[in-house]
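Here are the chains, one letter per residue:
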Amino acid sequence: MSSTKPRDVQVLPIGTDTTVLRSRSWTRLRFEIEYALAKGTTANCYIIQGDKTALIDPPGETFTEIYLAALQQRFDIKAIDYVILGHVNPNRAATLKALLEIAPQITFVCSNPGAINLRGALENPDLPILVMRGEENLDLGKGHNLQFVPTPNPRYPDLLCTYDPQTEILYTDKLFGAHICGDQVFDEGWEIFSEDRRYYYDCLMAPHARQVETALEKLSDLAVRMYATGHGPLVRYGLIELTKAYYQWSQQQTSQDTTVALIYASAYGNTATLAGAIARGITKAGVAVESINCEVADPEEIRAAVEKAAGFVIGSPTLGGHAPTPVQTALGIVLSTAANTKLAGVFGSFGWSGEAVDLIEGKLKDAGYKFGFDSIRVKFKPNDATLQMCEEAGTDFAQALKKAKKVRAPLQPATSVEQAVGRVVGSLCVVTAKQDDISSAMLASWVSQASFNPPGLTIAVAKDRALESLMHSENKFVLNILQEGNHLGLMKHFLKPFAPGQDRFTEVAAETADNGSPILNDALAYLECTVKSRMESGDHWLVYATVDNGKVLNQDGVTAVHHRKSGNHY
Ligand SMILES: Cc1cc2nc3c(=O)[nH]c(=O)nc-3n(C[C@H](O)[C@H](O)[C@H](O)COP(=O)(O)O)c2cc1C
């Protein structure tokens, strides 16, 4: 859905006295892991006009101008009484300042941590702010007697939901969103958004599933007809299913028996972005993350998380040649709590000298900890390739923990059922994919034709494969079918362990297909494919793709087939 359409603002009434203004960005947008599906996004703002007028969540500065124009066309900005912020993002400061210039009487409404951030972002210690702790109401008149529910989590400690009993709309900011841009304001045919909503949850919510569960409980008493989300389509039709799914996905995380404590601080968001990518890599390998923002966590919380975890990862920016004090305090707690048999990892963003990562790594090394990945040092803001590397480092970390557990459990011989399943054969293939600066590959034999018209096939991709992140709907890839007798070299190459972010193609002869993915010169045939959908099937994603193009490279060869002893292995 990537497009060159210009940014715009879509305006639609959604309830009594209530209108949404969706600032739309159609371009692919990938500067944080949750945008990896590259379908653009919308920044949703709402206006409620009771006797008093409230604006909820004005967009960031890339929209300031067109947003104000759209607002001015339909509403009297001078008449705005309140601006409610479900989350204070510093990039909204420009829009807020512009609003204040036109309407200096505006009172801001946010949570207590939000108020601290807002005073900083607007560089005004005397800003009029109504702080909502959960007990207070804000009566706009005409029945819009707003209630507020703080739903903090480590990544967004200031998150605040707003409920309007008049319209039964719950303004959820980060909760229940999706990064997708389109003309559809609501989620009619809601299943079409399932993959996007799941991915959004996996990236943004899974690392603090415990706090999501608490938020769901707090919100469960409200009679809600619609979730007015901060991003993507508003949730009306799939409301019950999405709520249930949030419960279920969170429960899947909180009931995992292996967890990693992900402890970090981030002054400007860069280290937090790295933390997000590492968390995604860990959770996709079936290990839970307990994410901890040292700036808001109390020592007991850090201690409990580290004690329970099989491993820990610490992230820190370098500020003034040091790790910030909350990170140093957390490090002290880790060193005094965690047995040195626990696996460790270190990462951080820096500007020029980057002492923080060295300091943390040094102290952990001195204490005898083993590392699940080489320490990650990223200059300022990470790019796509860095995020991929972080995700893969997270997966390696989780796999090392799982392997350590397996070693302790004795190996069982294959059961007769497993042996029988093993008699299902598949062709040996290599799936290759390249999107901009990111590429990946995977040996695959669970491949099968699935449709004649259109020509389509399915591929089972293990959830913890690096390639998995390039196998979402509308992604392109090449299926390289290997030739019997000429397959061992390629098989060996693609089965070997690669370092996080390592290029899989430097030592193999390949050309580029029309869809941008590599074609292996030694393949018997190749198919250029587009992912249409994916189905969750246990520990794999079953990817259905249609074939756009293809060619046999050697008419005399036959397909290499993979014979197995057990259905428990590839
Ligand atoms: C006040 C200040 C001091 C900084 N000091 C250092 C430093 O001593 N060494 C360094 O490598 N980078 C330094 N930086 C750069 C930050 O480490 C860099 O911006 C990093 O991306 C911040 O990560 P964060 O977004 O997670 O807070 C400094 C930045 C600021 C604003």
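All values derive from a computational prediction rather than experimental measurement. (Residues numbered from 1 in each chain as written. Predicted model: local features only at pLDDT ≥ 70, side-chain atom pairs only at ≥ 80, totals over all residues. Heavy atoms only, no water.)

Visitor: For this particular structure, what's the right way to read the overall build of the chain?
Guide: Along its length, the chain carries 13 helices and 29 strands. Reported as C-alpha extents along the three principal axes, the dimensions of the chain are approximately 80 × 60 × 45 Å. Taking all 570 residues of the chain together, the buried fraction comes to 57%. Of the contacts formed within the chain by residues at least 6 apart in sequence, a portion of 70% connects residues at least 24 apart. Summing over all exposed atoms, the chain offers an accessible surface of approximately 24400 Å²; the carbon and sulfur share of this is 52%. Averaged over its 53 positive side-chain charges, the chain has a centre that lies 4 Å from the centre of its 64 negative ones. (Helix = DSSP H or I, 4+ residues; strand = E, 2+ residues; numbered from the N terminus. Buried < 20%, exposed > 50% of the residue type's maximum accessible area, 1.4 Å probe, protein only. Contact = heavy atoms within 4.5 Å. Areas by Shrake-Rupley, 256 points an atom, 1.4 Å probe, with all protein chains shown as cover. Lys, Arg positive; Asp, Glu negative; His and termini not counted. Charge placed at Lys NZ, Arg CZ, Asp CG, Glu CD.)

Visitor: I tried to follow the sheet that holds strand β22 (residues 447-451) on my own but got confused; where do I start?
Guide: Each strand in a sheet pairs with its neighbour through backbone hydrogen bonds, running either in the same direction (parallel) or in the opposite one (antiparallel). Ordered by their spatial adjacency, seven strands build an open sheet running β21-β20-β24-β27-β28-β23-β22, and the pairing between neighbours is antiparallel. A single partner strand is all that each edge strand has here, and the edge strands are β21 (438-444) and β22. Across this sheet, the average inter-strand angle for adjacent strands is 35°, counted without regard to direction. Bridging between strand β20 (residues 429-435) and strand β24 (residues 476-481) involves four bridges; their strand directions are antiparallel. (Pairing = 2+ DSSP bridges. Axes fitted to C-alpha atoms, helices over the stretch in contact; angles between N-to-C directions.)

Visitor: Is there a simple way to explain the site of the ligand in this structure?
Guide: Around the ligand, the surrounding shell holds 19 residues, and the nearest of these are Ser-266, Thr-271, Thr-318, Ser-349 and Ser-353. Protein contacts shield 81% of the accessible area of the ligand, which totals 640 Å² for the unbound molecule. Mapped onto the shell around the ligand, the elements with two or more residues apiece are α7 (270-283) and β16 (343-350). Split by residue class, the shell around the ligand holds seven nonpolar, eleven polar and one charged. (Near = heavy atom within 4 Å. Nonpolar A, V, L, I, M, F, W, Y, C, P; charged D, E, K, R; others polar.)

Visitor: Would you mind going over the UniProt feature "domain: Flavodoxin-like" (unreviewed entry) in the chain with me for this structure?
Guide: Listed under "domain: Flavodoxin-like" (unreviewed entry) in the UniProt record, and renumbered for this structure, are residues 260-398. Taken end to end, residues 260-398 is 46% helix and 22% strand, and its first and last C-alpha atoms sit 8 Å apart. (UniProt positions renumbered as here; feature names shortened; annotations may be inferred.)

Visitor: Looking at this model, I keep getting lost on the sheet that holds strand β2 (residues 18-25). Mind explaining?
Guide: Strands sit in the order β1-β2-β3-β4-β5-β6-β7 across an open sheet of seven strands; the sheet is mixed. At either margin of the open sheet sits one strand with a lone partner, and together these are β1 (8-15) and β7 (129-131). Neighbouring strand axes in the sheet, compared pairwise and without regard to direction, differ in orientation by 20° on average.

Visitor: Is there a simple way to explain a nonpolar patch on the surface in this structure?
Guide: On the surface, a cluster of nonpolar side chains totalling about 260 Å² of accessible area is made up of Val-417, Val-421 and Val-424. Examined against the element boundaries, Val-424 turns out to sit in the loop between α12 (416-421) and β19 (426-427). (Patch = residues over 30% accessible without salt bridge, like charges linked within 9 Å, V, L, I, M, F, W, Y side chains within 5 Å. Salt bridge = Lys/Arg side-chain N within 4 Å of Asp/Glu carboxyl O.)

Visitor: Help me understand the pairing of strand β3 (residues 41-49), please; the structure alone is not making it clear to me.
Guide: The side chains of a regular strand alternate, residue by residue, between the two faces of the sheet. Of all nine residues making up β3, eight are buried, and the element is well covered by its neighbours. Direction of pairing for β2 relative to β3: antiparallel, over a ladder of eight bridges. Following the sheet pairing, Thr-18 is matched in β3 by Ile-48. The turn joining β3 and strand β4 (residues 53-56), which pair antiparallel and follow one another in sequence, is formed by three residues.

Visitor: When you look at the environment of Gly-60 in this model, what are you seeing that I'm missing?
Guide: Tracing the chain through its elements places Gly-60 in the loop between β4 and α1 (64-74). Along the backbone, Gly-60 and Ala-94 are 34 residues apart, and their C-alpha atoms lie at a distance of 7.3 Å. Not counting the four nearest positions on each side in its chain, Gly-60 is found in contact with Asn-91, Arg-92 and Thr-95.

Visitor: Honestly, the packing of α7 against helix α11 (residues 384-408) in this entry has me stumped. Any pointers?
Guide: Packed helices, taken two at a time, are described by their axes: the angle between them and the distance between them. At a closest axis distance of 6 Å, the pairing of α7 and α11 adopts a crossing angle of 45°. Here α7 lies oblique to α11, going by the angle between them. Our pair here, α7 against α11, has a crossing hand that is right-handed. Along the contact surface, α7 presents Thr-273, Leu-274, Ala-277, Ile-278, Arg-280, Gly-281 and Ile-282, while α11 presents Thr-386, Leu-387, Cys-390, Glu-391, Gly-394, Thr-395 and Ala-398. (Parallel < 35°, antiparallel > 145°, perpendicular 65-115°, else oblique. Left-handed = near helix turned anticlockwise from the far one by under 90°.)

Visitor: Just to check I follow, could you spell out the packing of α1 against helix α2 (residues 93-102) for this structure?
Guide: In contact at an axis separation of 10 Å, α1 and α2 are set at 40° when each is read in the N-to-C sense. By the angle between their directions, the pair α1 and α2 is classed as oblique. For the element pair α1 and α2, the recorded crossing hand is right-handed. From α1, Thr-64, Tyr-67, Leu-68, Leu-71 and Gln-72 reach across to α2, where they touch Ala-94, Thr-95, Ala-98, Leu-99 and Ile-102. By residue class, the composition of the contact of α1 with α2 is seven nonpolar, three polar and no charged.

Visitor: How do you make sense of helix α13 (residues 488-495) when you look at a structure like this?
Guide: Buried within α13 are the following residues: Leu-490, Met-491, His-493 and Phe-494. On an axial view of α13, the arc spanned by its buried residues comes to 165°, and they lie on one face. Among the exposed residues of α13, those oriented more than 90 degrees off its buried face are Leu-488, Gly-489, Lys-492 and Leu-495. Buried residues in α13 make contact with β20, β21, β26 (518-520) and β29 (561-562). (Arc of directions from axis to C-beta.)

Visitor: Whenever I open this one, α7 confuses me. Can you help?
Guide: Side chains of residues three or four places apart in an α-helix project in the same direction, reflecting 3.6 residues per turn. Here α7 spans 20 Å end to end across 14 residues, near enough to the 20 Å set by a 1.5 Å rise per residue. Taking burial as the measure, the 14 residues of α7 include 14 buried ones, the bulk of the element. (Expected span 1.5 Å × (residues − 1).)

Visitor: Looking at this structure, I do not really get the pattern of salt bridges. What am I missing?
Guide: Any two side chains of opposite charge can pair if their charged atoms end up close together. Summed over the entire model, instances satisfying the criterion amount to 26 salt bridges. Through salt bridges with shared partners, one network takes in Arg-198, Asp-202, Arg-280, Lys-284, Glu-391, Lys-463, Glu-468, Arg-534 and Glu-536.

Visitor: Looking at this structure, how should I read the confidence of the model for the chain?
Guide: Segments scoring low in pLDDT should not have their predicted coordinates read at a detailed level. Mean pLDDT over the chain: 95, with 99% of residues reaching 70 or higher. Two summary scores accompany this predicted model of the complex, namely pTM at 0.93 and ipTM at 0.93. (pLDDT = per-residue confidence, 0-100.)

Visitor: Explain the packing of aromatic side chains to me, please; I cannot follow it from the model alone.
Guide: Describing an aromatic ring pair means giving the distance of the ring centres and the angle of the ring planes. Counted according to the given criterion, the structure contains nine aromatic pairs. Summarising the aromatic geometry, the rings of Phe-176 and Tyr-246 are spaced 4.5 Å apart at their centres and angled 40° between planes, so their arrangement reads as tilted. Here Tyr-246 lies in helix α6 (residues 239-254) and Phe-176 lies in the loop between β11 (169-173) and α4 (194-205), a separation of 70 residues in the sequence. Taking the relative accessible area as the measure of exposure, Tyr-246 reaches 1% and is therefore buried. An aromatic cluster of at least three residues, connected via ring pairs, comprises Phe-176, Tyr-201, Tyr-227, Tyr-246 and Trp-249. Geometry around Trp-26 places Lys-5 over its ring, the cationic atom sitting 3.9 Å from the centre. The aromatic ring of Phe-371 is capped on one face by Lys-365, whose charged end is 6.0 Å from the ring centroid. (Phe/Tyr/Trp six-rings, centres within 6.5 Å; stacked < 30°, edge-to-face > 60°. Lys NZ or Arg CZ within 6 Å of the ring centre and 35° of its normal.)

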